[in-house]
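Below, each chain spelled out in residue letters.
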Amino acid sequence: YYGPYRFRPEEFLEALRLRCLLHPLPHNPNAGDPCTCVCGKDITHELTHPLDCIRMCAGFLTLRHNLLRDALAGELKRLDKFSHAGAVRVEVPLSNQPDHPRTADVVLQAVDANQPQFLDVTVTDPAAPRYREAANSHKVVGAASKHRAEEKIVKYRRLNLTVIPIALEATGRPSDDTHEYLLNMSRTTKTRFRSRFLALSGVVIQKQNARAILHLRSLRTEHRHALPIPRHLQQA
């Protein structure tokens, strides 16, 4: 892979560390040393916190979403049924209301269809406390992506629109409904659309996850170095 899909060596190593469930930030758990994120949260037992830390890693999480959206749109444009001008549109404005979806990630207009399809890309971390508490995502496979997809459907319903959530988890796993949508698209177009998109999405997710971890680790190191000097040392 090249461009935004190419791993740097340190990113590849970090993706392997995450796969092995190694803690992203250095600390000594055997000595009872707590591990705190720069955002202030105790993440001693939260191995995937950087994948969901909006305060400190929002830029990488947004980039993860946008690259997935662009990968989806790019693969759709390769299909004959969406090869005509205007068939695949990205970031289409919908509403200015705070509780409504402001834009649709991808809007599809096939030649033989009367109504467009609205696709919304989303990535969830099944280990995040939010999804563990709301959907038992630590016990039920696919619960986090299913829960997030349902939230998207409700949000679009406020505009009387039907959305197709393209919901993936931070592990790269698509929700059951997303997998079925991709598989149907492959069957109806007689292409490898599903496998091509899932290959790209896996690379995007793991690369941006690794970048978020590396970024948070660098911030934590800088934060430690920037701690104020104790008063008794200042006087000395």
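First things first, this report covers the structure right here in the doc. (Residues numbered from 1 in each chain as written. Predicted model: local features only at pLDDT ≥ 70, side-chain atom pairs only at ≥ 80, totals over all residues. Heavy atoms only, no water.)

**Quick notes on unusual backbone geometry**
Where we set the bar: Numbering of helices and strands starts at the N terminus; helices are DSSP runs of H or I of at least 4 residues and strands are runs of E of at least 2. Summary of the burial criterion: residues with accessible area below 20% of their type's maximum are buried, those above 50% are exposed, and those between are partly exposed, where the area comes from a 1.4 Å probe applied to protein chains only.
Positive phi outside glycine occurs at Glu91, with the angle close to 55 degrees. Of note, Glu91 is situated in strand β1 (residues 88–93). When its relative accessible area of 33% is taken as the criterion, Glu91 is described as partly exposed. Of note, the phi angle at Asn136 is positive, near 50 degrees, even though the residue is not glycine. Structurally, Asn136 can be placed in the loop between α3 (129–135) and α4 (143–157).

**Focus: the layout of surface pockets**
Using the following cut-off: Each cavity reported here is a set of points on a 1 Å grid over the protein atoms alone in which a 1.4 Å probe fits but cannot get out, each pocket an open set with protein on both sides within 12 Å along at least five of seven lines, and each lining residue one with an atom within 4 Å of a point. Grid points are joined across faces, edges and corners, and a volume is the space filled by probe spheres set on the points. In this count, Pro and Cys sit with the nonpolar residues alongside Ala, Val, Leu, Ile, Met, Phe, Trp and Tyr, while Asp, Glu, Lys and Arg are called charged and the others, Gly among them, polar.
Reported here for the largest pocket is a volume of approximately 650 Å³. Around the largest pocket sit 27 residues that line it, and Leu61, His65, Thr122, Arg148 and Lys152 are the ones nearest its centre. By residue number, the principal contributor to the lining of the largest pocket is helix α2 (residues 54–77), which donates seven residues. Within the lining of the largest pocket, the residues separate by chemical class into nine nonpolar, seven polar and eleven charged. Taken as a whole, the second largest pocket holds about 510 Å³ of empty space. In terms of lining, the second largest pocket is formed by 26 residues, of which the most central are Leu18, Arg19, Leu21, Ala170 and Thr171. Looking at the lining of the second largest pocket, the elements that each hand over two or more residues are α1 (9–19), α4 and α6 (193–225). Ranked by the residues each element gives to the lining of the second largest pocket, the list is headed by α1, at five residues. The residue makeup of the lining of the second largest pocket, split by class, is 14 nonpolar, seven polar and five charged.

**Here we look at the nonpolar core**
Just so we agree on the cut-off: Residues belong to one nonpolar core when they are buried, are Ala, Val, Leu, Ile, Met, Phe, Trp, Tyr or Cys, and are joined through side-chain atoms within 4.5 Å. Between two residues, a contact is recorded if the distance between any of their heavy atoms is within 4.5 Å.
Within the largest apolar cluster, 29 residues are counted, with the highest numbers of intra-cluster contacts made by Leu72, Leu76 and Phe82. When residues of this core are traced back to their parent elements, those giving at least two are α2, β2 (103–108), β3 (117–124), β4 (163–169), α5 (176–189) and α6. Here this core gets seven residues from one element, more than from any other, and that element is α6. Excluding residues that lie within four positions of it along the chain, Leu72 makes contacts with Val106, Leu119, Val121, Ile166, Phe193 and Phe197. By size, the runner-up hydrophobic cluster in this structure holds 13 residues, among which are Cys37, Cys53, Met56 and Leu61.

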